[in-house]
Every structure is written in C-alpha cells, then in structure tokens.
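Chain by chain, the residues run as shown.
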Amino acid sequence: MIESLLVANRGEIARRIIRTARRLGVRTVAVYSEADADLPFVREADEAVCVGPANPAQSYRNSEAILAAAKSTGARAIHPGYGFLSENADFARTVEANGLVWVGPGADAITAMGDKINARNLMAAAGVPVAPGSTDPAGTVEAALAAAEEIGFPVMVKAAAGGGGMGMAVAADEASLRTEYDKVRAFAERMFGDGSVLIERYFPRVRHVEVQILGLADGRVVALGERECSVQRRNQKLVEESPSPAVSAELRARLLAAAVRAGEAVGYRNAGTVECLLDPTTGEFFFLEMNTRLQVEHPVTELVHGLDLVEEQLRVAAGLAPNFDPDALAPRGHAIELRINAEDPKRFLPGPGAVTAWTEPTGDGVRVDSGYSLGTTVTPFYDSLMAKLIVYGADRAEAIDRARVAVAGFEIAGPKCNLPFFAELLDNPEFLGGDYDTGIVARMRAKK
C-alpha cells in the first residue's frame, strides 16, 4: 500500500479521503488555501501545507504549489478528489514525471474523455449508444444550425470541454440557437479555455443515470451498479440514489455492459463514471459523458456494495488486487444521497456565512460526509456543498423513511441551507413513486 498521500482538494472530499487513508495506515498531507485554514480537513491530516490565497487558481489549481508541498512533506502519491485538478491530464503527467503516484486514471484516458465530441466518437466506435449529435465541433453558428437541422429541434448546445452541468443550454428554434450558441461559446472560452461547441439531441423528458466503473490493476474493468441522478437544479445534481427505480434487471445488464465497454475502449484504470441519458418512455439510453475521477455521489455505491471506493482507488494505484471479488458483486438494499448546500431552498442561490449551529443526525443507516463544523465559515470562493447526507435501507421505502428522520435531525444555522427542500422532496408524490425525471425540481417550483 502507498505509504504517504497528499490530498489535492478541500472540504468534505478531503476529509473523506483522509478517513480511509488513516484506516489503512497511510500518512496524509492536506493542502489548503488561506480561506480554509480553520476547516476540519486541515486538522485531521497528519500534516498540512498552505498553498496560496482563496482564489483557486492560486491555491487548489496551482499545480506548482501542490507539487512543492508533496516534495517538502515527502508524500509519495497524490489523490486529486473531484473538481480542481482531478481531470487535468497535464497535471497527472507532471505528477508521474516527478516520480509520484497519481491516484486516478492515466493521462491518456483523461484526455480521451475530456472532450465531449471526441468521447462521443470513441464511444460510438466501441458500440456504446450515443445520442444523435455533432461528430465535429460546431465552429460557427452556421455549422451549429446545420447540425440542428439534421438532428431536429430542440437541441442541446454544450461546451465540448465542459462538465458538471456547466456550459449547457437548450435551443428550441433557429433564433434561440443563435443566441445560446454565442453564450455557450463565450462561457466555454472563459471557464475551460476552449470554446468548442457540441450540438446534441435534446430530450424533453429524460432521466440521468450513471454507472460506476473501476479499472483494476490487472487490466479488467468492472461495473459497480448504477446511480439515479435526475433530481437536479440548473443541470447540477442534488440527490442520487442506487439502484435506480427506473432500471429493470434487463436494462441494468445492458447499461453495465456498455459502461464496461466504455472503460475498455480507453484502457481505463482506477475509478470513473459513465453518465447516460435514459428515455423513460422507450427504455433507450445514450452516453452523455465520462467523469475520469471519483464522483461526489460515490457513497451510495459504497453502501449498496459494501466496499470503500477510496481504498479501491489506492489499491489500484499501488498495483494491488481489489479488496472484493469482481466476479461475485452482489449489491444489497437501497441508498440515497442528499447534497446539503449553502443555498436557499427556493431559488438555490448561494448563501455563504459563518456556521453558528451544526448538529449532524445519527442512527441506523445514516452517514454524513461533511466539510464544515460549528465555528467554521462557508466562504463564497468555492462550491456551495457543505455536507452529504447518505442513508441506507433494506429497500427504497426504508431508505426514504430514514432520510426524512435524518433531514429533520440535521441542524445548520448561519449560512443559507437547502435542507427544507429535501423535506419537501421526500414527501413529493412523484419522487416517492420513483417515476420522476430531470424536470422534477422545476415542476416542484412551478407549483409554488
């Protein structure tokens, strides 16, 4: 096993990685910005190094400062978590060029899947279903219009280098496509340094279902079930559950087989997620993108499979066999994750602030992965995620019951908080029935 690990991230995911590393006897190094000096993950690591001011470009995305921290502390490996440098192929290559272990997929796989158009083409060649869309970037609005005419309106206008629900817009006709194309292109250039635009079929009613894959040290790729991620605001996830209430045994077999083919097509190693759109009417699914990192929602997979994905990441990076039998995967029960954000529960606008009360729920089947505690401050510099509330039950009904109790018992004061939204969702007939799609939050808000 790796002896020492630098965690190139912050908040809840840094704490979560440190927790597993400590259990395995791995020495940990945290890096933190000046704004995060008082957060729990800094105290919980064996050693911590400040890598710059609050601005992520000067701290958590500052690859030179992070590599310097690794060298000065003697860390032998780097785990990037999610976001920041986690899907930066150049950083992955630099880490390995400096003689360190990169806890993630190879740089070539990151590059191959980082561009949505290239990824779509690769997946189509591998026999993975892809939605009708561009096979080349739409370099001009005229090219975008030509692609839309071939696909048929409405279409999704997407940043080819984007991710996490950012850089996406729906165009219903030529006029709106002209407007949205310019907006998405400008956003993509500003956020990702790449203004390439993809035009893809838009599904008015669709579910977002993803498959957790793990590329093992021996070269095999295994699929660890699916997650339902259709409760979203602004194309970004709020709730995830596993298994998906929309997926039958037959559909699951097809989904998992396609995800394995996707990983094999790029020689994938370590943890990754194949995200798909599922048409609930026809049962068709289409490749959306591949996230070449650990996902925020990985705990629901851990609970239904009884494993630790961070441990498995470390084992793969160290060239070790997995701590489970890949030929005897037997998921049990049902898990749900709620993303507790510092945002108002109506419009979901960020609301940072000092934490004046923080009481986490406990009980059977309740897990909390938190990045904050009483006396800390949620600043405006980073993602609004404060904690993840994850519940497990023998079935979906029990998981929902436990979620209701846990939400009621989670006390947070100071920052704005979306806990009231989850209390509302957990009594929503559409969600309770399991027959929901990515429009559920918009429908809930339209009734207010």
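Our structure is the block above this text.
Report on the accompanying structure.

Quick notes on the rules
Residues numbered from 1 in each chain as written. Predicted model: local features only at pLDDT ≥ 70, side-chain atom pairs only at ≥ 80, totals over all residues. Heavy atoms only, no water. Helix = DSSP H or I, 4+ residues; strand = E, 2+ residues; numbered from the N terminus. Rg over C-alpha atoms; globule rule 2.2 N^0.38 Å. Buried < 20%, exposed > 50% of the residue type's maximum accessible area, 1.4 Å probe, protein only. Contact = heavy atoms within 4.5 Å. Polar contact = N/O pair within 3.5 Å; in protein donor to acceptor, adjacent residues only side chain to side chain. Axes fitted to C-alpha atoms, helices over the stretch in contact; angles between N-to-C directions. Parallel < 35°, antiparallel > 145°, perpendicular 65-115°, else oblique. Left-handed = near helix turned anticlockwise from the far one by under 90°. Nonpolar A, V, L, I, M, F, W, Y, C, P; charged D, E, K, R; others polar. Pairing = 2+ DSSP bridges.

1. Quick look at the overall build of the chain
Right, so step 1: What the chain contains, in helices and strands, is 15 helices and 20 strands.
Right, so step 2: A globule of 448 residues ought to have a C-alpha radius of gyration of about 22 Å, and the chain, at 21 Å, matches this closely.
Right, so step 3: Residue burial in the chain is summarised as follows: out of 448 residues, 57% are buried.
Right, so step 4: Residue pairs at least 24 apart in sequence account for 65% of intrachain contacts in the chain once pairs closer than 6 positions are excluded.

2. With respect to the side chain of Arg227
Right, so step 1: Mapped onto the secondary structure, Arg227 falls in strand β10 (residues 221-233).
Right, so step 2: By relative accessible area, Arg227 is classed as buried at 0%.
Right, so step 3: In terms of polar contacts, Arg227 uses its side chain to reach the side chain of Gln212, at 2.9 Å.
Right, so step 4: Within the structure, Arg227 has its side chain in polar contact with the side chain of Thr273 (distance 3.1 Å).
Right, so step 5: Setting aside its immediate chain neighbours within four residues, Arg227 contacts His208, Val209, Glu210, Gln212, Glu241, Ser242, Thr273, Gln295, Glu297, His298, Val300 and Thr301.

3. Notes on unusual backbone geometry
Right, so step 1: The omega torsion across Phe153 and Pro154 is 0 degrees, close enough to zero to call that bond cis.
Right, so step 2: Mapped onto the elements, Pro154 comes out in the loop between α7 (141-151) and β6 (155-159).
Right, so step 3: Residue Ser242 is joined to Pro243 through a cis peptide bond whose omega torsion reads 0 degrees.
Right, so step 4: Its place among the elements puts Pro243 in the loop between β11 (236-242) and α9 (249-265).
Right, so step 5: Look at Phe84: it is not a glycine, yet its phi comes out positive at around 50 degrees.
Right, so step 6: You can see Phe84 is positioned in the loop between β4 (77-79) and α4 (89-97).
Right, so step 7: Positive phi is not limited to glycine here, since Arg234 has a value of about 50 degrees.
Right, so step 8: With respect to the element layout, Arg234 can be found in the loop between β10 and β11.

4. A short note on helix α5 (residues 107-114)
Right, so step 1: All buried positions along α5 are accounted for by Ala107, Ala109, Ile110, Ala112 and Met113.
Right, so step 2: Buried positions along α5 lie against α4, β5 (101-102), α6 (116-125) and β13 (285-291).

5. Observations regarding the packing of helix α3 (residues 63-73) against α4
Right, so step 1: Axis separation between α3 and α4 bottoms out at 11 Å; the angle between their running directions is 25 degrees. On the basis of their axis angle, the class for α3 and α4 is roughly parallel. In the packing of α3 onto α4, the handedness of the crossing is right-handed. Touching Ser63, Ile66 and Leu67 of α3 are Phe91, Thr94 and Val95, all from α4.
Right, so step 2: The residue inventory of the contact of α3 with α4, partitioned by class, reads 4 nonpolar, 2 polar and no charged.

6. Points about the sheet that holds strand β3 (residues 47-52)
Strand pairing in a sheet takes place through backbone hydrogen bonds and is either antiparallel or parallel in direction.
Right, so step 1: With respect to topology, 5 strands assemble into an open sheet ordered β3-β2-β1-β4-β5, the strand pairing being parallel. The sheet terminates laterally at β3 and β5, the two strands that pair on one side only.
Right, so step 2: As paired strands, β4 and β5 are joined by 2 bridges and run parallel to one another. Of the residues in β5, the one forming a bridge with Ile78 is Trp102.
Right, so step 3: Of the strands in this sheet, β1 (4-7), β2 (27-33) and β4 touch helix α1 (residues 11-23), which is tilted by about 170 degrees from β1.

7. Overview of the environment of Arg315
Right, so step 1: Note that Arg315 resides in helix α11 (residues 309-317).
Right, so step 2: The sequence separation of Arg315 and Leu216 amounts to 99 residues, and the corresponding C-alpha distance is 8.7 Å.
Right, so step 3: Residues contacting Arg315, with those up to four places away along its chain left out, are Met1, Leu320, Ala321, Pro322 and Asn323.

8. A closer look at the pairing of strand β9 (residues 207-215)
Right, so step 1: With 9 of 9 residues buried, β9 lies mostly within the body of the structure.
Right, so step 2: Here β9 shows no split at all, with Arg207, Val209, Val211, Ile213 and Gly215 on one side and His208, Glu210, Gln212 and Leu214 on the other all buried.
Right, so step 3: Sheet topology note: the β9/strand β12 (residues 270-278) ladder contains 9 bridges and is antiparallel. Bridging from a neighbouring strand, Leu214 pairs with Ala271 of β12.
Right, so step 4: Two elements, β9 and β10, share 6 bridges in a ladder whose sense is antiparallel. Directly across from Ile213, in β10, lies its bridge partner Ala223.
Right, so step 5: Turn length for the β9-β10 hairpin, with the two strands adjacent in sequence and antiparallel, is 5 residues, and the turn residue Gly219 shows positive phi of about 100 degrees.

9. Brief notes about the pairing of β11
Right, so step 1: When you tally the buried positions in β11, you get 6 out of 7 residues, the bulk of the element.
Right, so step 2: Hairpin connection between β10 and β11: a loop of 2 residues separates the two successive antiparallel strands, and Arg234 in this loop has a positive phi of roughly 50 degrees.
Right, so step 3: Pairing of β11 with strand β14 (residues 334-341) involves 4 bridges; the strand directions are antiparallel. Bridging across to β14, Glu240 finds its partner in Glu337.

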